[in-house]
Amino acid sequence: MPTYKTLGIVIRRRNINEADRMLTILTEEQGKVTVVAKGVRKTLSRLGGHLELFNLVNFVLAKGRSMDIVTGAVVERQRGEIAIDLDKVARASRFAELIDILVHDKEEHRKLFWLFEDCLNYLDRSKGANLVDLYFFINTLSYLGYLPELYECVKCRERLKEGNIGWSHGQGGVLCGDCLDEGIRTDVESIKLLRLLAEEEPSVVEQLNLSRELVQNVQEVLSGFVNFLSQRELKCDKFWKSLQVDLRNFADLG
Ligand SMILES: [Zn+2]
């Protein structure tokens, strides 16, 4: 079996058979892949300890018929704090979930891979609340082509002015004062922070001193939008999967 090496981060694991695991990994070169790790739930497994969630791992994968197989794995960077902190695990899991939903299999997303790696590092080292989640979400959306509109009204295409503004999850961005009946209320400061998060380097974002209220407002808008997108993608995914089953049945009949 031909093998290949890649850096990767395990984003999901599932037990299968008696001692195997199915892993979903975001890799640097192959994008998102689902692979099998054989015998890793046995106590003496050589690989088992290297396949924890959220670590940066050097993988050796063998091309399998339906799924590739893990033949080697060495942890490059361990996230010790995420592993023992419930709040951090929950936040890292939301990063992983978003990737799992929005990234299609075997599509290369190198920039997203390094964004994920950097944000996990930051989360691992950081103390208390910070902007890393917002930074990760808005930039993930941007890299995958889902960046919401932050400058023009999504309905009438007027450039945003100061004053009352709104937000539409469905239309994907800001609404001007004349059109805000169709969305939820937000404010100019929140939109300015979203622009900053999407456009500036993490070092700039880190220096910001923001009120708790502003961060909460942005959190509400962004997590609402991420949830909306995720639900839509999940429905779309289910629709495609059921369509594939229908087509297979149709082919069987033929
Ligand atoms: Zn408008």
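Here, every reference points to the structure presented above.
Residues numbered from 1 in each chain as written. Predicted model: local features only at pLDDT ≥ 70, side-chain atom pairs only at ≥ 80, totals over all residues. Heavy atoms only, no water.

### Here's the deal with the packing of aromatic side chains
- Evaluated as defined, the whole model comprises six aromatic pairs.
- For the pair Phe95 and Phe137, a centre-to-centre distance of 6.0 Å together with 85° between the ring planes defines the contact as edge-to-face. Taken as a pair, Phe95 in helix α2 (residues 86–102) and Phe137 in helix α4 (residues 132–143) lie far apart in primary sequence, 42 residues in all. Summarising the burial analysis for this pair, Phe95 and Phe137 share the class buried.
- A ring pair is formed by Phe136 and Phe137, whose centres lie 6.0 Å apart and whose planes are at 65°; its orientation type is edge-to-face.
- Look at Phe136 and you get buried, because its relative accessible area is 0%.
- Under the relative-accessibility criterion, Phe137 is labelled buried at 5%.
- Lying across the ring of Tyr151, Arg195 places its NZ or CZ 4.1 Å from the centre. (Phe/Tyr/Trp six-rings, centres within 6.5 Å; stacked < 30°, edge-to-face > 60°. Helix = DSSP H or I, 4+ residues; strand = E, 2+ residues; numbered from the N terminus. Buried < 20%, exposed > 50% of the residue type's maximum accessible area, 1.4 Å probe, protein only. Lys NZ or Arg CZ within 6 Å of the ring centre and 35° of its normal.)

### So, unusual backbone geometry
- If you check the backbone angles, Lys106 has positive phi at about 55° while not being a glycine.
- Counting through the fold element by element, Lys106 comes out in the loop between α2 and α3 (110–125).
- The exposure class of Lys106 is exposed, given its relative accessible area of 51%.

### Description of the side chain of Glu233
- Inspection of the secondary structure puts Glu233 in helix α7 (residues 212–253).
- With relative accessibility at 14%, the residue Glu233 sits in the buried group.
- Aside from chain neighbours lying at most four places away, what touches Glu233 is Ile101, Leu102 and Tyr146. (Contact = heavy atoms within 4.5 Å.)

### A closer look at α4
- Its 12 residues place the ends of α4 16 Å apart at the C-alpha level, agreeing with the 16 Å of an ideal helix rising 1.5 Å per residue.
- A large share of α4 lies buried, amounting to 10 of its 12 residues.
- Within α4, burial applies to Val132, Asp133, Leu134, Tyr135, Phe136, Phe137, Ile138, Asn139, Thr140 and Leu141.
- Downstream of α4 by one or two residues, Gly145 has phi in the positive range, about 85°. (Expected span 1.5 Å × (residues − 1).)

### Considerations on the nonpolar core
- Ranked by size, the top nonpolar core spans 58 residues in total, and within it Phe116, Phe136, Leu194 and Leu197 carry the most contacts.
- Elements with a contribution of two residues or more to this core: β1 (3–16), α2, α3, α4, β6 (165–168), β7 (173–175), α5 (188–199) and α7.
- Tallying contributions element by element places α7 first for this core, with eight residues. (Core = buried A, V, L, I, M, F, W, Y, C linked by side-chain atoms within 4.5 Å.)

### What to know about the coordination of the zinc ion
- Around the zinc ion, the protein supplies Cys153 (SG), Cys156 (SG), Cys176 (SG) and Cys179 (SG) as donor atoms, at distances of 2.3 to 2.4 Å.
- Each of the four donor atoms around the zinc ion contributes to a set of angles spanning 105 to 115°, which defines the coordination as tetrahedral.
- The motif formed by the donor residues of the zinc ion, counted along the single chain, is C-x2-C-x19-C-x2-C.
- On the basis of relative accessible area, Cys153 is assigned to the buried category, the value being 0%. (Donors = N, O, S within 2.8 Å, 3.2 Å for Na, K, Ca; no water. Tetrahedral: all angles 85-135°; square planar, octahedral: opposite > 155°, others 65-115°.)

### Comments concerning the environment of Ala62
- Relative to the elements of secondary structure, Ala62 occurs in strand β4 (residues 56–62).
- A C-alpha to C-alpha distance of 28 Å links Ala62 and Ala92, two positions 30 residues apart in sequence.
- Setting aside residues up to four positions removed in sequence, Ala62 forms contacts with Met1, Pro2, Thr3, Asp68, Ile69 and Thr71.

### Here's the deal with the sheet that holds strand β2 (residues 20–27)
- Taken in spatial order, the five strands line up as β1-β2-β3-β5-β4 and close into a barrel, and their pairing is mixed. Across the sheet, the mean angle separating the axes of adjacent strands is 50° when strand polarity is ignored.
- Two strands pair when backbone bridges link them, and strand β3 (residues 31–37) and strand β5 (residues 68–77) are joined in this way by two bridges, in the parallel orientation. Each residue of the ladder has a partner; that of Val35, found in β5, is Asp68.
- Relative to the sheet, α2 contacts β1, β2 and β3, its axis offset from that of β1 by approximately 105°.
- Along the sheet face, α3 touches β1, β2, β4 and β5 and points at about 65° away from the line of β1. (Pairing = 2+ DSSP bridges. Axes fitted to C-alpha atoms, helices over the stretch in contact; angles between N-to-C directions.)

### Remarks on the pattern of salt bridges
- According to the stated counting rule, one finds 15 salt bridges in the structure shown.
- For Glu152, the salt bridge identified is with Arg157, shortest N-O distance 3.1 Å.
- Note on Glu152: relative accessible area 28%, which makes it partly exposed.
- The shortest N-O distance in the salt bridge between Glu162 and Lys192 comes to 3.5 Å. (Salt bridge = Lys/Arg side-chain N within 4 Å of Asp/Glu carboxyl O.)

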